[in-house]
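The primary structure of each chain is shown beneath.
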Amino acid sequence: MRKFALVALVLCACKAGPQAAPASTGSGEDATRYYPLAVGNSWTYAFHGSNRRETIQIVGRDGAWFIDDHRGRLRYESDGVRDADRYLLRTPLATGAKWSAVENLVVQRFEVVSMDASTVTEAGTFPRSARVRQEQPPPKGGRFVTEWTYAPNMALVPAVTSTVHPHRRQQEQTRRPLVAYRVSQ
């Protein structure tokens, strides 16, 4: 009888414990504003240090998914913009916002480091942009860092990857600035 009373007390205590706080709606931007998805939209990026360019175009739909010509899948959800594997942007989009994803058993950590970034590329000047930093540990120590800058009503304007060595020395690996775009408003 004592065991039953103890189990009942524990169950009641768990049920009466503090409830989880609702997800913060906080102040911030709607992430969908920073990634306009529509069939026909396209973005052309240069590979820094070469003449190579690559265009990514949204070519179709599959239900809620927008399909690009590189087999990418993007969609809007109530809490952000995602690809097939992770959230690229989370709503509310505000400096300091964080989220994570796990891909191939590697934890990727995302953080909005600025909502007032300004970027100049061959395609134009993009003020008041959201800069998102993603970090993950490479197998040999240090960190692998990618910084994406998303301009309002434009999407990704540059992407920069770098490695941060265990002794804090950072070395840029790639830079892909936006050089042309076609976005329907």
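Residues numbered from 1 in each chain as written. Predicted model: local features only at pLDDT ≥ 70, side-chain atom pairs only at ≥ 80, totals over all residues. Heavy atoms only, no water.

## Observations regarding the overall build of the chain
Here is step 1: On a plain count of helices and strands, the chain comes out with one helix and 12 strands.
Here is step 2: Walking the chain from its N terminus toward its C terminus, one meets helices and strands in the order α-β-β-β-β-β-β-β-β-β-β-β-β.
Here is step 3: Across the chain, contacts joining residues at least 24 apart in sequence account for 37% of those joining residues at least 6 apart.
Here is step 4: For the chain, the accessible surface area stands at approximately 11,600 Å², while carbon and sulfur atoms represent 53% of it. (Helix = DSSP H or I, 4+ residues; strand = E, 2+ residues; numbered from the N terminus. Contact = heavy atoms within 4.5 Å. Areas by Shrake-Rupley, 256 points an atom, 1.4 Å probe, with all protein chains shown as cover.)

## Some remarks on the sheet that holds strand S9 (residues 124–136)
Here is step 1: The sheet built from 12 strands is open, its strands ordered S6-S5-S4-S3-S2-S1-S12-S11-S10-S9-S8-S7 with antiparallel pairing. Two strands in the sheet have a free side with no partner beyond their single neighbour: strand S6 (87–90) and strand S7 (98–103). Put simply, the sheet's adjacent strands are angled 25 degrees from each other on average, direction ignored.
Here is step 2: The pairing of strand S8 (residues 106–121) with S9 spans nine bridges and is antiparallel. Paired with Thr 119 across the two strands is Phe 126, which belongs to S9. (Pairing = 2+ DSSP bridges. Axes fitted to C-alpha atoms, helices over the stretch in contact; angles between N-to-C directions.)

## Let's talk about the packing of aromatic side chains
Here is step 1: By the definition in use, this model includes six aromatic pairs.
Here is step 2: Ring centres of Tyr 35 and Trp 43 lie 6.0 Å apart, and the angle between their planes is 75 degrees; on these two criteria the pair is classed as edge-to-face.
Here is step 3: Consider the rings of Trp 99 and Phe 110, whose centres lie 5.4 Å apart with planes at 5 degrees: the pair is stacked. Linking Trp 99 in strand S7 with Phe 110 in strand S8, this pair joins segments that are 11 residues apart in sequence. (Phe/Tyr/Trp six-rings, centres within 6.5 Å; stacked < 30°, edge-to-face > 60°.)

Worth remembering: the numbers are spatial, not functional.
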